[in-house]
Amino acid sequence: MNAMLETRALCKSFGGLAVTQNLNLSLAAGARHALIGPNGAGKTTLINQLTGVLRPSGGSVWLDGVDITRMTQNERVARGLSRTFQINTLFPQLTPLEAVTNVICERERTHLTLLQRRFFRLSRRRAEIDEAYALLEQLSLARDCLVQTHALAYGKQRLLEIALALAARPRVLLLDEPAAGVPEGESDELFEVLGALSKDISILLIDHDMSLVFRFADRITVLVSGAELMTGTPTEIAADARVREVYLGKRN
Ligand SMILES: Nc1ncnc2c1ncn2[C@@H]1O[C@H](COP(=O)(O)OP(=O)(O)O)[C@@H](O)[C@H]1O
Ligand SMILES: [Mg+2]
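Here we summarise the structure given alongside this text. (Residues numbered from 1 in each chain as written. Chains lettered and ligands numbered in written order. Predicted model: local features only at pLDDT ≥ 70, side-chain atom pairs only at ≥ 80, totals over all residues. Heavy atoms only, no water.)

## Concerning the overall build of the protein
Okay, so step 1: For the protein, the count of helices and strands is 10 helices and 11 strands.
Okay, so step 2: When the 252 residues of the protein are sorted by exposure, 47% land in the buried category.
Okay, so step 3: Within the protein, the 28 negative side-chain charges are centred at a point lying 7 Å from the centre of the 29 positive side-chain charges. (Helix = DSSP H or I, 4+ residues; strand = E, 2+ residues; numbered from the N terminus. Buried < 20%, exposed > 50% of the residue type's maximum accessible area, 1.4 Å probe, protein only. Lys, Arg positive; Asp, Glu negative; His and termini not counted. Charge placed at Lys NZ, Arg CZ, Asp CG, Glu CD.)

What follows is the structure, encoded as structure tokens:
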């Protein structure tokens, strides 16, 4: 069976600095896979190569059996690969309902011919707004759907980023520190929402909060200096002496 998302011998260097070293990562369909590792381990750089922001120095990236290494970011999104960003990238003046509706309209537009697109632009359609509202409801944002984004609590803004990624109807969702900067009380809600997402979506999660990662993930990869230290179940990872030494040991 094909992996849903795969890297094969992926390498990336910045000058003399090797930031991704011969990485073979594999996500099964429906995976809840976490990527952990110290600051500077190369986690975000990996996500940037998966999404097409960065060109790898070597190796390849595969989505459901298709080599996407040379595809643009938009082509990857259209094929079902979505991400959230570590840094807040929202439009502050838009409401969640407007922002999510825009993404849904964009998603629909990419399947239209040029002539159809001209008419589509004229009519923001009811169906897209309904879908956006349903998605916001699923992410506990329904009550805030008409509030301008800048006025939302930070935890809600992070939920909105996930809603925007989901609006593209991904098969694979990449979450780069979705709870970064979120106060503790609000991060529980965020992980509740993530835990309830459909298994039709495979998820790769980067996070620093080990208790959250161990609750969420069914597989964990530990990255150190751009190389895979080990991949295993949460139990295997927690029991591994090398992992404790390089990562968990420092935190506990
Ligand atoms: N565009 C870049 N140019 C040069 N070095 C970079 C660039 N992006 C990241 N790096 C370096 O690559 C390493 C990994 O960074 P990053 O992927 O952000 O780590 P992580 O997300 O695991 O904290 C760091 O040493 C960082 O300084
Ligand atoms: Mg990072």
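The structure having been displayed, the exposition proceeds.
## Remarks on the packing of helix H3 (residues 96–109) against helix H5 (residues 126–138)
Okay, so step 1: Relative orientation of the contacting elements H3 and H5 amounts to 125°, with a least axis distance of 8 Å. If you check the angle between H3 and H5, you find them oblique. Classified by chirality, the crossing of H5 by H3 is right-handed. Here Pro96, Leu97, Val100, Thr101, Ile104, Cys105, Arg107 and Glu108 of H3 come into contact with H5, specifically with Glu128, Ile129, Glu131, Ala132, Tyr133, Leu135 and Leu136. (Axes fitted to C-alpha atoms, helices over the stretch in contact; angles between N-to-C directions. Parallel < 35°, antiparallel > 145°, perpendicular 65-115°, else oblique. Left-handed = near helix turned anticlockwise from the far one by under 90°. Contact = heavy atoms within 4.5 Å.)

## Examining helix H6 (residues 154–167)
Okay, so step 1: Across its 14 residues, H6 extends 20 Å between first and last C-alpha, which sits within 8% of the 20 Å expected from 1.5 Å per residue.
Okay, so step 2: For H6, the tally of buried residues reaches 12 of 14 residues, placing the bulk of the element in the interior.
Okay, so step 3: For H6, the set of buried residues is Gly155, Lys156, Gln157, Arg158, Leu159, Leu160, Glu161, Ile162, Ala163, Ala165, Leu166 and Ala167.
Okay, so step 4: With its phi angle positive at about 55°, Arg169 sits one or two positions after the end of H6. (Expected span 1.5 Å × (residues − 1).)

## What about the site of ligand 1?
Okay, so step 1: Residues in close proximity to ligand 1 include Phe14, Leu17, Val19, Pro38, Asn39, Gly40, Ala41, Gly42, Lys43, Thr44 and Thr45, which together make up its full environment.
Okay, so step 2: Measuring from an oxygen atom of ligand 1, one finds a backbone N or O atom of Gly40 at 2.8 Å.
Okay, so step 3: Here Thr45 contributes a side-chain N or O atom positioned 2.5 Å from an oxygen atom of ligand 1.
Okay, so step 4: Considered on its own, ligand 1 offers 570 Å² of accessible surface; in the complex 58% of this is hidden by protein.
Okay, so step 5: Contributing elements (two or more residues each) for the shell around ligand 1: strand E2 (17–23) and helix H1 (43–51).
Okay, so step 6: Among the elements that take part in the shell around ligand 1, H1 stands out by supplying three residues, more than any other.
Okay, so step 7: The residue inventory of the shell around ligand 1, partitioned by class, reads five nonpolar, five polar and one charged. (Near = heavy atom within 4 Å. Polar contact = N/O pair within 3.5 Å; in protein donor to acceptor, adjacent residues only side chain to side chain. Areas by Shrake-Rupley, 256 points an atom, 1.4 Å probe, with all protein chains shown as cover. Nonpolar A, V, L, I, M, F, W, Y, C, P; charged D, E, K, R; others polar.)

## Let's talk about the nonpolar core
Okay, so step 1: Within the largest apolar cluster, 42 residues are counted, with the highest numbers of intra-cluster contacts made by Val100, Leu136, Leu160, Leu166, Leu173, Phe191 and Leu194.
Okay, so step 2: Look past the residues within four positions of Leu136 in its chain and what remains in contact with it is Pro96, Leu97, Val100, Leu141, Ala142, Cys145, Leu160 and Ala163. (Core = buried A, V, L, I, M, F, W, Y, C linked by side-chain atoms within 4.5 Å.)

## Side note on the sheet that holds strand E11 (residues 227–232)
Okay, so step 1: Ordered in space as E7-E8-E9-E4-E10-E11, the six strands form an open sheet in which the pairing is mixed. The outermost strands of the open sheet, each flanked by one partner alone, are strand E7 (81–83) and E11. Geometrically, the sheet is characterised by an average inter-axis angle of 20° between neighbouring strands, direction not taken into account.
Okay, so step 2: As judged from the four bridges shared by strand E4 (residues 32–36) and strand E9 (residues 202–206), these two strands associate in the parallel manner. Of the residues in E9, the one forming a bridge with Leu35 is Ile206. (Pairing = 2+ DSSP bridges.)

## As for the environment of Val243
Okay, so step 1: Residue placement: Val243 occurs in helix H10 (residues 241–251).
Okay, so step 2: Classification of Val243 as buried rests on a relative accessible area of 0%.

## Observations concerning the pairing of strand E1 (residues 5–14)
Okay, so step 1: The sheet contact formed by E1 and strand E3 (residues 26–27) spans two bridges and is antiparallel. The residue of E3 that forms the bridge with Leu5 is Leu27.
Okay, so step 2: Bridging between E1 and E2 involves four bridges; their strand directions are antiparallel. Paired with Leu10 across the two strands is Leu23, which belongs to E2.

## Remarks on the pattern of salt bridges
Okay, so step 1: All chains considered together, the criterion is met by 10 salt bridges.
Okay, so step 2: When the shortest N-O distance is used, the salt bridge between Arg169 and Glu131 registers 3.5 Å. On the criterion of sequence distance, the pair formed by Arg169 in the loop between H6 and strand E8 (172–176) and Glu131 in helix H5 is long-range, its members being 38 residues apart.
Okay, so step 3: The partly exposed category is assigned to Glu131, whose relative accessible area is 25%.
Okay, so step 4: Between Asp144 and Lys156 there is a salt bridge; the shortest N-O distance is 3.9 Å. Remark: Lys156 occurs in helix H6 and Asp144 occurs in the loop between H5 and H6; sequence separation between them is 12 residues.
Okay, so step 5: One network of salt bridges, in which partners are shared, links Arg107, Glu108, Glu131 and Arg169. (Salt bridge = Lys/Arg side-chain N within 4 Å of Asp/Glu carboxyl O.)

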